[in-house]
Amino acid sequence: MSLQRLEDYRSPAWTIREVAIEIELFDDCAMVKTRLQVQRLRAGEPLLLQGEGLQTLSVQVDEQAQDLPEPGATLLRLQPGAEQATVDIVVRINPWNNTALEGLYRSGPLVCTQCEPEGFRRITWFLDRPDVLARYTTTLRADAERFPVLLANGNCVRRQTLESGRHELVYVDPIPKPCYLFAMVAGDLAMIEDHWQTAQGRAVRLQIYAEAQDLPACTHAMQALKQAMAWDERHYGRCYDLDTYMIVAVSHFNMGAMENKGLNIFNTSCVLASPELSTDAGFDRVSSVIAHEYFHNWTGNRVTCRDWFQLCLKEGLTVYRDQQFSADLGSPAVQRIDDLVYLKTYQFSEDAGPLAHPVRPPTYHEINNFYTATVYEKGAEIIRMLHLLLGDSAYRAGMDLYFERHDGQAVTVEDLLRALGDANATDLLDFMPWYERAGTPVLRARLQRDADTHTLSLEQVLDTRPMPIRLAFLTASGEALPWHSQAPRRDDVLLLRQARVDVQVQCAQPVIPVILRGFSAPVLLDYPYSEAELVCIIEHESDGVSVWLAMQAYMTATLRRALASGRVQLSVSMTRLLQKILARAPQDPALAARLLTLPTLSALAEQVADYDPQALRRCHRQFEELVGRTLQRSWQEMLVHLNAAEPGWRALAVRALAYWSAGSAAAASADLLAAYEQATAMTPKLALLAALLQGGGVAAGQAVADFCRRYAAHPLVIDMAYAERVRAAPADPDAIAALLAEPGFDWAHPNRVRSVLMTWALQRMDILHQPDGRAYTMYLQALARIDRLNPQLAARLMGALAAVSSMSPVLRACARQHLARPELDRLSSEVQEMRANILTSLS
């Protein structure tokens, strides 16, 4: 593993202006011919091209044959004698045996590409770095019967029939792009088409390709695409720039989707959606990911990254844009809460563990390992803070300047901050600590009273960064109070740019501060709220996100007491509060569903030192059962909404179902099975399956058998069932082993692997982290098997073990022993980087 350093960045000595690439598919290989028009940018240095796994047949520079690289070489060194040169390369590759899902590979009956971050070097020799932007002409040839559809970036300019039943299509992409955005797809695909006219008057063909049986489930994705195009024009002034925009759904894909210029390749899980086969959450995910990849056309493609250290420049900004889009489609408060669940469950945990890293890391061994919650989610939080600080019009002016100044360039985080600042005559480079420092900052708040003057002191602990803090103050009866401070503010936003600032409120009564309204900064808040104060916020605060944060804090305090005492209790105050939330549910049932949801086990684990995952899950489950029994009639009354037309009511009914079935245990199995058999939409059907699985017994077995038989032709649905079976499994590693041994489990399919192994590692830590170490042995054996096929996926599975660094000393010692086993030294470099970081934290 070679260490890459941000400080070592040098602009390329050569660049590539034009690329003509021909890819011809045969039964046992693909032939790739590439012509590169290269130009010298810095004298005295050779042209170094990267390649991996290529069988090189010929290399020419200005029609002069060059020595071929040694087999297994990863660098091709050339010495063009002129300032400009033409390089011709012919290689043979084998996409049929490429299980790493990088470069050109087989996905079921299709052949497709994945080039981000460094996959293009698996297709041909190239300057495989994001700051080399070129125009591409792509020629594809294949058997017309086997591969009737041939797609590539840009506009199709020629198609013709060849001899021997083959055909050829030529695509021209007129907009310079880095090679990581290159894409091609070949296969037997069906297509739906729609049209869009941009605000600039361009007519655009919108095409979504999928296997024929999946085509009816693509209509929601098409609608989401049109909504995203309209939204981006309206909110960012960005119009699409080619004549065609294509999406292709493939089943074997390591990520959710990829924003290849004009030809986006998606995991089927992020395209296909229908009421019979998808949950409401599945529909929302499709809308979000479709928008995310479309928004990349400007934040990532037209303006791209100078180097991979700047990954957050495109990903954090685009995540924020798709969060804005999703908030505008539905409830802003509910969307923000859903964002925070993910942030707190995954990013905060990452920040607190051995895999913590800055949003822009200064070094890396394997860039594949930095497609993380920190880069994406925390990166989005930084953009959100900048927007909140500037206000809507100033933020828009800054983004307009960013696009105007840097269109067609590969840039850095600093370039974005300068554009936002220059457009508003302010300096925003003091936000760089957010990008350069690992860990979640702590904001300590303390309230003091002197007669009628209440002073709230806000202090950053150990680490000073600019923070926009949204504030409110309430009386015990819920009256909102004015406040003032010497620090800069806009409306309810206080800008904390120094280590400490004081805020004052004049009131004869006690006051309750509401700090971080809307979760205005991604920090850990240290404030000693009493339970009475939390209840006041929940009952009276107008910001739904603050209400949710208070409810989570209240539930967490209850669960922590239960863990400490070994006795789970439901206070009268908590019972009354749950009843009030249910009574107010008609105002916003989706928000009520979120307020009634317990903190995740990961979020709870962050509040407990040296925790025992078995005790944590047991306490969590017992509390859910107690809430279910105590309010059983209320939950049962909500079940009539399981088949409601409005998603918010369905969400509330699903939450009620979880409580009701937990409280009723096996006694409810007959009613649950009957409801399961009658349900037709996937949202209630999967929720009922989950409830049956939690109860166990004969009814659960009948439901699983029926579900797997009914949806056998729909892999994404079976993936969901596998995940639910893991969540409900008994705390015995043999239960997971049984799932892995089933004929339906496919080790080469990333979605299926994630549905079992990633769910096991992240959501059933009680089964994985056991002191006898048997589960560790199973998990690491499974990881090694996957590593031979797909190192990128295996690295993510290794990273999921990082949570053990916060567990009990016994579990840490056991994990260290297993992770140090010498046979793991043979695993891929991607896995080794994760393993080394975790071992360091355990030593």
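Anything mentioned here points back to the structure above.
What this report covers is the structure whose coordinates are included nearby.

Quick notes on the rules
- Residues numbered from 1 in each chain as written.
- Predicted model: local features only at pLDDT ≥ 70, side-chain atom pairs only at ≥ 80, totals over all residues.
- Heavy atoms only, no water.
- Pairing = 2+ DSSP bridges.
- Helix = DSSP H or I, 4+ residues; strand = E, 2+ residues; numbered from the N terminus.
- Phe/Tyr/Trp six-rings, centres within 6.5 Å; stacked < 30°, edge-to-face > 60°.
- Buried < 20%, exposed > 50% of the residue type's maximum accessible area, 1.4 Å probe, protein only.
- Lys NZ or Arg CZ within 6 Å of the ring centre and 35° of its normal.

1. Concerning the sheet that holds strand β3 (residues 30–40)
Ordered by their spatial adjacency, eight strands build an open sheet running β6-β5-β8-β3-β2-β11-β14-β13, and the pairing between neighbours is mixed. Looking along the sheet, the strands with just one partner apiece sit at the ends: β6 (64–65) and β13 (155–161).

2. A short note on the packing of aromatic side chains
Tallying each qualifying case throughout the model produces 30 aromatic pairs. A ring pair is formed by Trp 96 and Phe 147, whose centres lie 6.3 Å apart and whose planes are at 25°; its orientation type is stacked. A residue pair is termed long-range when its members are at least 10 positions apart, and Trp 96 in the loop between β8 (84–93) and β9 (103–107) and Phe 147 in the loop between β11 (134–143) and β12 (149–152) qualify at 51 residues. For the pair shown, Trp 96 and Phe 147 are each scored as buried. With centroids separated by 6.0 Å and ring planes inclined at 35°, the aromatic side chains of Tyr 136 and Phe 182 adopt a geometry described as tilted. One end of the pair, Tyr 136, is in strand β11; the other, Phe 182, is in the loop between β14 (166–177) and β15 (184–187), and 46 residues separate them in sequence. You can call Tyr 136 buried: its relative accessible area is 2%. Take Phe 182: its relative accessible area is 0%, and that puts it in the buried class. Grouped by ring-pair contacts, the aromatic residues Trp 231, Tyr 236, Tyr 240, Tyr 245, Tyr 294, Phe 295, Tyr 320, Phe 325 and Tyr 395 constitute a single cluster. Taking the ring centre of Tyr 236 as reference, the NZ or CZ of Arg 321 above it sits at 4.5 Å.

3. Examining the sheet that holds strand β19 (residues 257–258)
Reading across the sheet, the five strands line up as β16-β17-β18-β20-β19 and stay open at both edges, with mixed pairing between neighbours. The open sheet has two free edges, formed respectively by β16 (190–197) and β19, since each of these has just one partner strand. Where β19 and strand β20 (residues 263–267) come together, two bridges link them in antiparallel fashion. Its bridge partner being in β20, Met 258 is matched across the sheet by Ile 265.

4. Section: the pairing of β20
Within β20, five of the five residues are buried, leaving the element largely enclosed by the surrounding structure. Burial of the side chains of β20 extends over both faces: Leu 263, Ile 265 and Asn 267 are buried on one face and Asn 264 and Phe 266 on the other. With antiparallel pairing between neighbouring strands as the criterion, β19 and β20 make up a hairpin whose turn holds four residues, including Gly 262 at a positive phi of roughly 75°.

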